[in-house]
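# Analysis of the macromolecular model
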Amino acid sequence: MEFTNNIKEAEELDKLKSKVLKFVLYKKRTEAEVWEKFQEEDQNKLEEVIEILKENNYINDLDYIERSIAEFKNLKNLSIKEINYKLIQKGVNKKLLDSYIYDNREELLEFEIKSAISIIQKKSKMMEKEAVKNYLYSKGYMSESINIAFDEVEEIF
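Residues numbered from 1 in each chain as written. Predicted model: local features only at pLDDT ≥ 70, side-chain atom pairs only at ≥ 80, totals over all residues. Heavy atoms only, no water.

## With respect to the nonpolar core
- If you look at the biggest cluster of nonpolar residues, it comprises 15 residues, and the most contacted ones within it are Ile-65, Ile-69, Ile-83, Leu-87, Val-92, Leu-97 and Leu-108.
- Of all the elements in the fold, those that place two or more residues in this core are helix 4 (61-75), helix 5 (80-89), helix 6 (94-103) and helix 7 (105-123).
- The element contributing the most residues to this core is helix 4, with 4 residues.
- In this view, Ile-69 contacts Ile-83, Leu-87, Tyr-100 and Leu-108; residues no more than four positions away in its chain are not counted. (Core = buried A, V, L, I, M, F, W, Y, C linked by side-chain atoms within 4.5 Å. Buried < 20%, exposed > 50% of the residue type's maximum accessible area, 1.4 Å probe, protein only. Helix = DSSP H or I, 4+ residues; strand = E, 2+ residues; numbered from the N terminus. Contact = heavy atoms within 4.5 Å.)

Have a look at this one:
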């Protein structure tokens, strides 16, 4: 009887592992996204599956942060604050994210300044300088980045 239960449990675990694996292979996911998606499942089994997938690097929040930021840098103009907010929304571990931002601060500041320059160049055609500054502040750009970006843009014009 116990042997039959063990086989049944193993089959259930395997089925759950397949569902979760399919979910994370379709698109990179954070651990929090997996927990949320499969919250109706047996939490002990889900924890076991997540640990297995983390050990095999299918779920890796640090890798998720790195890939997301690289993608943001290629596709969008964002402030560090916006990057932080977007990743927190995805359920990334805040301490891990803060550590990554701290360790890559210079690179992220450069990106923020380049993003601000790009926005200034687009918005300055239809908005006053102060309005553009207020727009950047509202998007979470740091004063330092805004000032540097305006200095660089004024050199260009």
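## Overview of the environment of Tyr-58
- Along the chain, the position of Tyr-58 falls in the loop between helix 3 (43-55) and helix 4.
- Between the C-alpha atoms of Tyr-58 and Lys-15, which are 43 residues apart in sequence, the distance is 17 Å.
- Among residues more than four places away in sequence, those in contact with Tyr-58 are Leu-21, Val-24, Leu-25, Lys-28 and Leu-53.

## Considering helix 6
- Leu-97, Tyr-100 and Ile-101 are the residues of helix 6 that are buried. Considered in projection along helix 6, the buried side chains sweep an arc of 95 degrees and stay on one side of the axis. Turned more than 90 degrees off the buried face of helix 6, the exposed positions are Lys-95, Tyr-102 and Asp-103.
- Buried-residue contacts for helix 6 involve helix 4, helix 5 and helix 7.
- In this structure Asn-93 caps helix 6, since a side-chain oxygen of it lies 2.9 Å from the backbone nitrogen of Lys-95. (Arc of directions from axis to C-beta. Polar contact = N/O pair within 3.5 Å; in protein donor to acceptor, adjacent residues only side chain to side chain.)

## Focus on unusual backbone geometry
- Of note in the backbone geometry, Asn-57 takes a positive phi value of approximately 65 degrees without being a glycine.
- With respect to the helices, strands and loops of the structure, Asn-57 is situated in the loop between helix 3 and helix 4.

## Considering the packing of aromatic side chains
- One pass over the full model with this rule turns up 1 aromatic pair.
- Geometry around Tyr-135 places Lys-123 over its ring, the cationic atom sitting 4.5 Å from the centre.
- The aromatic ring of Phe-150 is capped on one face by Lys-133, whose charged end is 5.5 Å from the ring centroid. (Phe/Tyr/Trp six-rings, centres within 6.5 Å; stacked < 30°, edge-to-face > 60°. Lys NZ or Arg CZ within 6 Å of the ring centre and 35° of its normal.)

## Quick word on helix 3
- Spanning 13 residues, helix 3 covers 18 Å between terminal C-alpha atoms, matching the ideal 18 Å at 1.5 Å per step.
- Buried residues of helix 3: Lys-45, Leu-46, Val-49, Ile-50 and Leu-53, and no others. All buried residues of helix 3 lie within an arc of 135 degrees about the axis, which places them on one face of the element. Facing away from the buried side of helix 3 by over 90 degrees, the exposed positions are Asn-44 and Glu-55.
- Of the residues flanking the start of helix 3, the one acting as N-cap is Asp-42, its side-chain oxygen 2.9 Å from the backbone nitrogen of Asn-44.
- Immediately beyond the C-terminal end of helix 3, within one or two residues, lies Asn-57, with a positive phi of roughly 65 degrees. (Expected span 1.5 Å × (residues − 1).)

## Quick look at the environment of Lys-17
- By the element assignment, Lys-17 lies in helix 1 (residues 2-26).
- Sequence separation between Lys-17 and Leu-46 is 29 residues, and the spatial gap between their C-alpha atoms is 8.0 Å.
- Beyond its immediate chain neighbours, meaning those up to four positions away, Lys-17 contacts Val-49 and Ile-52.

## A closer look at the packing of helix 4 against helix 5
- Following both chains from N to C, one finds helix 4 and helix 5 inclined at 135 degrees, their axes separated by 11 Å at the closest point. Considering their axes alone, helix 4 and helix 5 lie oblique with respect to each other. Crossing hand, helix 4 versus helix 5: right-handed. On the side of helix 4, the interface is formed by Tyr-64, Ile-65, Ser-68, Ile-69 and Phe-72, while helix 5 contributes Ile-83, Lys-86 and Leu-87.
- A per-class count over the contact of helix 4 with helix 5 returns 6 nonpolar, 1 polar and 1 charged. (Axes fitted to C-alpha atoms, helices over the stretch in contact; angles between N-to-C directions. Parallel < 35°, antiparallel > 145°, perpendicular 65-115°, else oblique. Left-handed = near helix turned anticlockwise from the far one by under 90°. Nonpolar A, V, L, I, M, F, W, Y, C, P; charged D, E, K, R; others polar.)

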